Structure formats: structure tokens, C-alpha cells
Amino acid sequence: MKFLPLIWCGLWRKPARTLLTFFSIAVAFLLFGLLQGVDSAFEQIIGQNKLDRMFVDPRFGQPIPFSYKAQIERVKGITKITEVHFMGAYYQEMNNGMLVIFTIPSVWLAIRPEYAHQQPQVDRVAGMRTGVIVSQWMAEHNGWKVGDHITVKGAIPRKDGGNDWAFDIVGFMRNTEGRDDGQRQVLANWAYLDEARASGSGVVSRFLMRIGNAAHAGRIAREIDALFTNSAVATRTQSEQDQASSRLAQIGDFKFFTRAIISAVFFAMLFLTLNTTMESVRERTSELATLKTLGYPDTGVLGLVLAESVVLFAAAAALGLAIAAALFPLARTIIGVAVLPSAVVILGVGLAVVAAFISAIVPAMRARSLNIVQALAVR
């Protein structure tokens, strides 16, 4: 406790210099929090995707024949499979959009257990041609309840020449992982789509699968794609996690980009703070020598200089990370994560302590080895 007044006086010996250094460090940790936070958020999203959940997609964009399903089912290791066809739609107003997923709802939900639902409601969909399971968010947003009959405008034309698709709400589902990607989803029967659409019957957007052992994902993917290598529609089979990684890779090496910026910012910050600390110690040479004449040991003087640096860095880093945490929810629509990952805060605090020691260790060692007679003589 006896060092606190000395630390405080040392920091505010030149207020302008301290404030400029403080805000420079705060800006550095603000950038660190935002960039590293986004990087960690992407890793978190990829980690949430499953290795044992796989997609069979068309390699060149065209729809996949439904007849492929029978061949895929024979591949060893697949435990569940369902057809999936997507349709963009909106309810009443164009800005009230949704994604209608035509599939076998009971199988789709079994493959995606993170969606909470009531099984009796799902069982009813199988026996109701126009029955749908809607997301809890969509139900609350539109005031829907079980038994409601709704009509949406879809992107797929019907045989009757219109784009109106009628559905009966049978139940609700909710993503228990807190992710937003299922907020506007509606599960409907694929058979209803296939018999009612004007064209394209007998094709699907993809097949969704669950496998018994994630370690066999690579082998299963190769076997499935080999089945259709010479077919009119070649396939690309990937695990959910591999697909998420591939999508992230399409925007470049984001991890390298963030680390390059963070490294450049921290190098400039350390250069600035090292120079500032050395100048501060040099200006206080006689004062530090006086402390030694009063009985302060060499290690005490060294600790005093290091403590000043740690206090300054800790306070500035706390401010920068706090601002980053406050701004992070603004990126939720882009990265799907609304809270700055705690790992980033912990890493930031650790870096602040390390950076404080790096920037102060040289001047602190000089203060420790200070010769009292020579220092006072210079004064």
C-alpha cells in the first residue's frame, strides 16, 4: 500500500503524456477486442457446427434428382437422411420474409436436435399435407398459433399459375443454442411441394444426413460423390463443419488478416510506451536515487517502475475492451454472435500485463542498478 501514492504521483507527473499514452493503449485494445472478437466468434460458430451432420449438395448448382436418395441410403454409416428443398417466401409484406424448408419434418428435426419441439405436433405434420412447423420467433412476430391457416407468397410457381402457398400451422420449434439462423424458418412437407409446383418435380436442393461416426465423414463423402461422378448432376458432400469453414475461407484468410493488424498495432504501441517509460524514468533519476537513500531497496525501485506500467496498461486495456464489448452486439447480423467472447477478454488482460512488463522492463532494470552518488551528482 505504501507504493500507491508513489505510483500515482509517478503516473501524473506529466498528465498530458500519461493521458496520450493511456488513450493510445486503449485504442490498441479496442481494435484487439473487436478484431480478435470477430475471429473468435467465427471459430465459435464453426465449432457449433457438427462433424456428424452432412450435406449432399450439387457440385455445379443445378437441383439434385430425388432418385439419388435411394443410392445414398445404401452407403454404410448413414443413420438418417432426408430430402430438402428451399423456397424463399414472405407473409403479407415483402419485408416479412421467411425460408420455407420442404423436407420430412420429423427426420429433419431428428438430425437437428438443437431445435426444441413437441413430438406430437411433429407427428401430426406427416398426416397433414399442408401442415407446417414454424419457428417460435416467426409465430410471435406474426401472432400465429396452432391451427391457423396462412398463405404466403413463394418464389416457386404452382401448377395453378399462382405463387400463393397455403399452410396450416401444426406446431413450433425453437433453436436452443441461441443462434439466429432459425428465426425465420418454416418446415413443410416435401411431397406437398413436389405435387403442387409447376415445374422441377422430382428434384431437391440437397440431402441432409446424420452419420453414426464423425470419424467416417471423409470416407462417406468420397463414396457418395463417387456414385455420381459420371452422372448429369455431380455432387459435393461435406460435413456441416467443413462447409462452414469453406464459406469462411471464401472471404480470405481472416485469421491472418486480423493477426497482422493486431501485431502491427501492438508493435507500434509497445514502441511508443517503451520510449515514454524510458523518458519518464530518465526525468526522475534523482528522485529514484533519493528513494534509495531513504532505504528503498533496488527491487523496490524496480517494482515501482513496473507497477506504474501495469496500472497504466490495465486501466487502458479495461477501457478498450469495455468499449469493444459495448460495440460488439452491432455486428450480430453479420457474425451471428452478440456477446464478446470471454476468452478474448481474458486474453486481452493477459496481453496487457505482458505488454506492461515488456515496455517497462528495460527502464525498470536501469532504475534498479542506479548509482546513488552519480545520479545525485547529475542533478
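Data block above holds the structure.
Quick notes on the rules
Residues numbered from 1 in each chain as written. Predicted model: local features only at pLDDT ≥ 70, side-chain atom pairs only at ≥ 80, totals over all residues. Heavy atoms only, no water. Helix = DSSP H or I, 4+ residues; strand = E, 2+ residues; numbered from the N terminus. Buried < 20%, exposed > 50% of the residue type's maximum accessible area, 1.4 Å probe, protein only. Areas by Shrake-Rupley, 256 points an atom, 1.4 Å probe, with all protein chains shown as cover. Core = buried A, V, L, I, M, F, W, Y, C linked by side-chain atoms within 4.5 Å. Contact = heavy atoms within 4.5 Å. Patch = residues over 30% accessible without salt bridge, like charges linked within 9 Å, V, L, I, M, F, W, Y side chains within 5 Å. Salt bridge = Lys/Arg side-chain N within 4 Å of Asp/Glu carboxyl O. Phe/Tyr/Trp six-rings, centres within 6.5 Å; stacked < 30°, edge-to-face > 60°. Lys NZ or Arg CZ within 6 Å of the ring centre and 35° of its normal. Arc of directions from axis to C-beta. Axes fitted to C-alpha atoms, helices over the stretch in contact; angles between N-to-C directions. Parallel < 35°, antiparallel > 145°, perpendicular 65-115°, else oblique. Left-handed = near helix turned anticlockwise from the far one by under 90°. Nonpolar A, V, L, I, M, F, W, Y, C, P; charged D, E, K, R; others polar. Pairing = 2+ DSSP bridges. Polar contact = N/O pair within 3.5 Å; in protein donor to acceptor, adjacent residues only side chain to side chain.

Colleague: Can you tell me about the overall build of the chain, naming the residues and giving the values?
Modeller: For the chain, the helix and strand inventory stands at 15 helices and twelve strands. When the 379 residues of the chain are sorted by exposure, 45% land in the buried category. As displayed, the chain offers around 18900 Å² of accessible surface, 62% of which is attributable to carbon and sulfur atoms.

Colleague: Outline the nonpolar core, supporting the account with residue identities and numerical values.
Modeller: By size, the foremost hydrophobic cluster in this structure holds 42 residues, and its most contacted members are I72, F102, W165 and F167. For I72, the residues in contact, after removing those within four places along its chain, are V56, I78, I81, F207, M209, I224 and F228.

Colleague: For a nonpolar patch on the surface, give the residues involved together with the corresponding values.
Modeller: Among the surface-exposed residues, W8, W12, L19, F23, L319, I323, L327 and L330 lie close enough to one another that they form a single nonpolar patch of about 780 Å² accessible area. Contributing elements (two or more residues each) for the nonpolar patch: helix 2 (15–48) and helix 12 (298–327). In terms of residues, the nonpolar patch owes the most to one element, helix 12, which gives three residues. Following the sequence through the fold, I323 ends up in helix 12.

Colleague: Can you lay out the packing of aromatic side chains for me, pointing to particular residues and giving the numbers?
Modeller: Under the defined criterion, the tally for this structure stands at twelve aromatic pairs. Centre to centre, the rings of F66 and W190 are 4.6 Å apart; their planes meet at 20°, and the pair counts as stacked. Taken as a pair, F66 in the loop between strand 2 (64–65) and helix 3 (68–73) and W190 in helix 7 (residues 190–196) lie far apart in primary sequence, 124 residues in all. Measuring from ring centre to ring centre gives 5.3 Å for W108 and Y115, while their planes differ by 55°; the resulting arrangement is tilted. Chaining the aromatic ring pairs together yields one cluster made of F102, W165, F167 and Y192. One Lys or Arg, R158, reaches over the ring of W165 and ends 4.9 Å from the middle of that ring. Against the face of F55 rests R206, its NZ or CZ located 4.0 Å from the ring centre.

Colleague: Residues and numbers for helix 8 (residues 217–227), please.
Modeller: Considered for burial, the residues of helix 8 that qualify are A217, I220, A221, I224 and D225. Looking straight down helix 8, one finds its buried side chains confined to an arc of 125°; they lie on one side. Set apart from the buried face of helix 8 by more than 90 degrees, the exposed residues are R222 and A226. Looking at the buried residues of helix 8, the elements they touch are strand 1 (53–58), helix 3, strand 3 (78–90), strand 11 (206–211) and strand 12 (235–239).

Colleague: Would you mind going over the packing of helix 12 against helix 14 (residues 342–368) in detail, with residue names and values included?
Modeller: Interhelical geometry of helix 12 versus helix 14 gives an angle of 150° and a closest axis separation of 8 Å. What the angle tells us is that helix 12 and helix 14 run roughly antiparallel. As for the relative orientation of helix 12 and helix 14, their crossing is right-handed in sense. Partitioned by chemical class, the residues of the contact of helix 12 with helix 14 number 19 nonpolar, four polar and two charged.

Colleague: Explain the pairing of strand 6 (residues 131–135) to me, using residue names and the numbers behind them.
Modeller: Counting buried positions along strand 6 gives five out of five residues, so the element sits mostly inside the fold. Of the strand pairs in this sheet, strand 6 and strand 8 (residues 164–175) are connected by five bridges, and their pairing is parallel. For I133, the partnering residue across the bridge sits in strand 8 and is G171. Alignment of strand 6 against strand 9 (residues 185–189), held across three bridges, turns out to be antiparallel. Bridging across to strand 9, V134 finds its partner in V186.

Colleague: Lay out unusual backbone geometry with the relevant residues and their values.
Modeller: Even without being glycine, Q92 reaches a positive phi, approximately 70°. Topologically, Q92 is positioned in the loop between strand 3 and strand 4 (97–103). On the basis of relative accessibility, which here comes to 65%, the residue Q92 falls in the exposed class.

Colleague: Please set out the side chain of Q185 residue by residue, giving values where relevant.
Modeller: Note that Q185 resides in strand 9. Side chain to side chain, Q185 and Y115 meet in a polar contact 3.4 Å long. Discounting residues that sit within four places of it in the chain, Q185 has contacts with L99, I101, W108, Y115, I133, V134, S135, M138 and M173.

Colleague: Can you lay out the side chain of K69 for me, pointing to particular residues and giving the numbers?
Modeller: Relative to the elements of secondary structure, K69 occurs in helix 3. Apart from residues lying up to four places away in sequence, K69 is in contact with I81, T82, E83, I104 and F207.

Colleague: Give a description of the environment of R53 that names residues and reports values.
Modeller: By the secondary structure assignment, R53 is in strand 1. Separated by 159 residues in sequence, R53 and G212 have C-alpha atoms that sit 9.4 Å apart. Ignoring any residue separated from it by four or fewer positions in sequence, one finds R53 in contact with I111, R112, P113, E114, L208, M209, R210, Q238, S239 and E240. Engagement of the side chain of R53 in a polar contact is seen with the backbone oxygen of I111, the distance being 3.0 Å.

Colleague: Describe the pairing of strand 12, with residues and values.
Modeller: Along strand 12, four of the five residues are buried, which leaves the element largely enclosed by surrounding structure. Here strand 1 pairs with strand 12 via five bridges, running antiparallel. Paired with V56 across the strands is T237, a residue of strand 12.

Colleague: Explain the environment of Y90 to me, and be specific about the residues and the numbers.
Modeller: Secondary-structure assignment places Y90 in strand 3. Look at Y90 and you get partly exposed, because its relative accessible area is 23%. Taking the C-alpha atoms as reference points, Y90 and V152, 62 residues apart in sequence, are found 5.6 Å from one another. Those residues in contact with Y90 that lie beyond four places of it in its chain are N96, G97, M98, V152 and K153.

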